[in-house]
Structure formats: structure tokens, C-alpha cells
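# Observations on chain architecture
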Amino acid sequence: MDKAEEFEDLRPLLFSIAYRMLGSVSEAEDAVQETWLRYALSSARPDSVKAFLATTVTRISIDVLRSARVRREAYVGPWLPEPLLDDPYEDPARAAELTDSLSMAALLLLERLSPLERSVFVLREVFAFGFEDVAAAVGRSPAACRQLLVRARRHMDEGRPRFDVDREKRDELARRFFDAMAQGDMDGLRTLLSDDVRLVGDGGGKAPQLARAVAGAEKVARLLAGARPAIARVGVTCTPRSVNGQPGALFHDGDGNVLNVFVLDVRDGRIHTVRSVLNPDKLAHLGPVADVWAVLRAVRRARRAPSG
């Protein structure tokens, strides 16, 4: 294969590495593109193209992550990863690790790690690279990488939630959840939520957002039951989808533009966390983005209008 063919064959893997490093679809795509440019301009013919490209995309991602941390400290409101509908990389031998590391909960835990810890964890624990290749990617010795991995595993294990793994049961619970939302059924919603459920919204200062997370089954059920019928009256639709390997949904305005994404964490047969991504910058890769402020104004008018 020529360089372009070699690169395209490995592009899904490179994107998957970069996305888990950065939690951003757009930044991951940029990192992959920069990796291609460096490879195309390089005169070297590496012994392992896979190891060379993985090293390059990892180093680019580390640099991006270090600058991104400064931006995220000044981020308005809670920060959530950009939602990903489909992971382009598949490896049946690593299916469990790939799925587990893709969830928003796992990506948020990865945010707690240093860039080097995150790199070592992603390359070794998720994608099973050998320690020699991991060491080359992060510029540390294999022994140092083993220590970084120990620390990373400890941080991840301390905060890692244990979600329900039966996809059929999760999907059925999500279906009932979105049906109850559509009907404004507060009692129905309450039965599906854990007592300590949290609703977390990410508007990034560019969309309406909650001042803080809403906690408790009663409060979350009331908020969701009250909001859904009103937005349905102005043409907003809800399409259940798998998001980051979890049950979720895409919301579109009356013109079919992406308005919002919901992701559900399911544990012990109940919904434990509802994450809502409204920041338009984080939705652009999903299609044309709705004017959420215009939708909000339409909702307010619809609520004031007499029914019937």
C-alpha cells in the first residue's frame, strides 16, 4: 500500500485514540488530519506504520489536551464531552474495553488524569499497545509507563460507576423514559429514575442551561415532564439513539436541525444520570444546528397561548 492507503486503513483507530484523549470530535478529527500531514511529509518509512501513527496522534493530542485544560477551566457551566454516535474503530477482542472507555462517565473520569496518565491508560488499557510502543508515544521509559498506568487505573477505579451491561434492558428502560417524557408523565418518569438521579446540562454559555445540576427523582421528573410537551408543540422531535455506547436521544427542531443530545447512565435498573448537551459547538458534527434561543422563544409563546 502507498502512504495514503496505509493511513486510511488506520484512520478509524487514530480517531478513536484521539477522541478518548480529547473528548472532542472536532479536536480528534483535527489531530488525525495533522497526523496525516506529518506522515505525508515524512521521508521515513517506519518499521510499524501503526505504531508510528499512534505515536504521532498521541503526541498531538497531548499538546491539544494541555491547552484545552486551560480553556476548560474558564468554561461556562458543566463541561461534557462532545457526543459521539458511532465509534469508527472496531476490535472484537477489545469490544468491552472500547465500549466502556467510550461512555461519557468514563471520558469525564479520564479528565481527572494528567495528559501522560491519560495517554498511557488509553493506549495500554483500551487499545492494548505494548509498553515499548506506549513508552515511545509518550517519551517515557517502559518502567515509568507502568507506574503511570498504576496511578491511572487507581484514579479510574476509584470513580468508575458500574452501569448495567444488558443492552436490551437498557434500551427498553430508555424507551419507557422517552415515552414518559413525550407524554409529560411525571409519575412514570419518577419510577424510572434512581432516588439520587442527576440532570446535568452543558450549554457552554451559548445555549440556555441549568445554573447547576438538578438532583433527586422528584425534581428531575417534574422538570422533564413539564418541558417535553411544550417543546413538542413547537415541532421538536426526539429520536432515540445510542450515544457514546449508551442509551440516548437526539432532539431536532421543526426544520430538522439538531437541538440537543441526551445521554442516559443506567445502573441497577434505574436511570442514574441524564446528561444534556446543548452547546451548539458540540453538536455541529451531527448536522445543521438549531437556533436554541429561537426554539426557547417559541416554547414560551406556546406556553402563553390558550390551549385548544
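As shown above, the structure is provided for reference.
Below or above, wherever it landed, is the structure these notes cover. (Residues numbered from 1 in each chain as written. Predicted model: local features only at pLDDT ≥ 70, side-chain atom pairs only at ≥ 80, totals over all residues. Heavy atoms only, no water.)

## Describing the layout of surface pockets
Note the following rule: A cavity here means a set of 1 Å grid points, computed over protein atoms only, where a 1.4 Å probe fits but cannot escape. A pocket is an open set with protein on both sides within 12 Å along at least 5 of 7 lines, and lining residues have an atom within 4 Å of a point. Grid points are joined across faces, edges and corners, and a volume is the space filled by probe spheres set on the points. Secondary structure follows DSSP: runs of H or I at least 4 residues long count as helices, runs of E at least 2 residues long count as strands, and numbering of each begins at the N terminus. Basically, the charged four are Asp, Glu, Lys and Arg, the nonpolar ten are Ala, Val, Leu, Ile, Met, Phe, Trp, Tyr, Cys and Pro, and anything else, Gly included, counts as polar.
In this structure, the largest pocket encloses a volume near 670 Å³. Contributing to the lining of the largest pocket are 24 residues, with P208, A227, I231, N260 and L278 lying nearest its centre. With 6 residues, helix α12 (residues 292-304) is the single largest residue contributor to the lining of the largest pocket. Grouping the constituent residues of the lining of the largest pocket by class yields 16 nonpolar, 4 polar and 4 charged.

## Let's talk about the environment of R45
The cut-off we apply is this: The definition of a polar contact used here is a pair of N or O atoms within 3.5 Å, where within protein one atom must be able to donate a hydrogen and the other to accept one, and adjacent residues in sequence count solely through side-chain atom pairs.
Assignment of secondary structure puts R45 in the loop between α2 (25-41) and α3 (49-73). Along the chain, R45 and K3 lie 42 residues apart, while their C-alpha atoms are 9.5 Å from each other. For R45, the side chain forms a polar contact with the side chain of E6, separated by 3.3 Å.

## Notes on unusual backbone geometry
Under the convention used in this document: Accessible area is worked out with a 1.4 Å probe on protein chains only. A residue is then buried under 20% of its type maximum, exposed over 50%, and partly exposed in between.
Its identity as a non-glycine residue notwithstanding, N244 has a phi of 50 degrees, on the positive side. Checked against the element boundaries, N244 lands in the loop between β3 (237-243) and β4 (246-252). Judged by its relative accessible area of 0%, N244 falls in the buried class. Phi angles above zero are rare outside glycine, and D268 is one such case at about 55 degrees. Tracing the backbone through its elements, the reader meets D268 in the loop between β5 (258-267) and β6 (270-277).

## Here we look at the packing of aromatic side chains
Filter applied, for reference: Note on aromatic contacts: the rings of Phe and Tyr and the six-membered ring of Trp form a pair at centre separations within 6.5 Å, being stacked when their planes are under 30 degrees apart, edge-to-face when over 60 apart, and tilted otherwise. We call a charge positioned over a ring when the NZ of a Lys or the CZ of an Arg lies within 6 Å of the ring centre and within 35 degrees of the ring normal.
For the structure on display, the rule yields 7 aromatic pairs. On the numbers, 5.8 Å between centres and 55 degrees between planes, the contact of Y89 with F127 is tilted. With Y89 in the loop between α3 and α4 (95-102) and F127 in the loop between α6 (115-126) and α7 (131-138), this residue pair connects regions lying 38 residues apart in the sequence. Assigned by exposure class, Y89 and F127 land together as buried. Here a set of aromatic residues connected by ring pairs shows up, and it is made of F7, W36, Y39 and F52. Over the ring of Y39 we find K3, and its NZ or CZ is 4.8 Å from the ring centre. Residue placement shows R146 over the ring face of F131; its charged tip is 4.3 Å from the ring centre.

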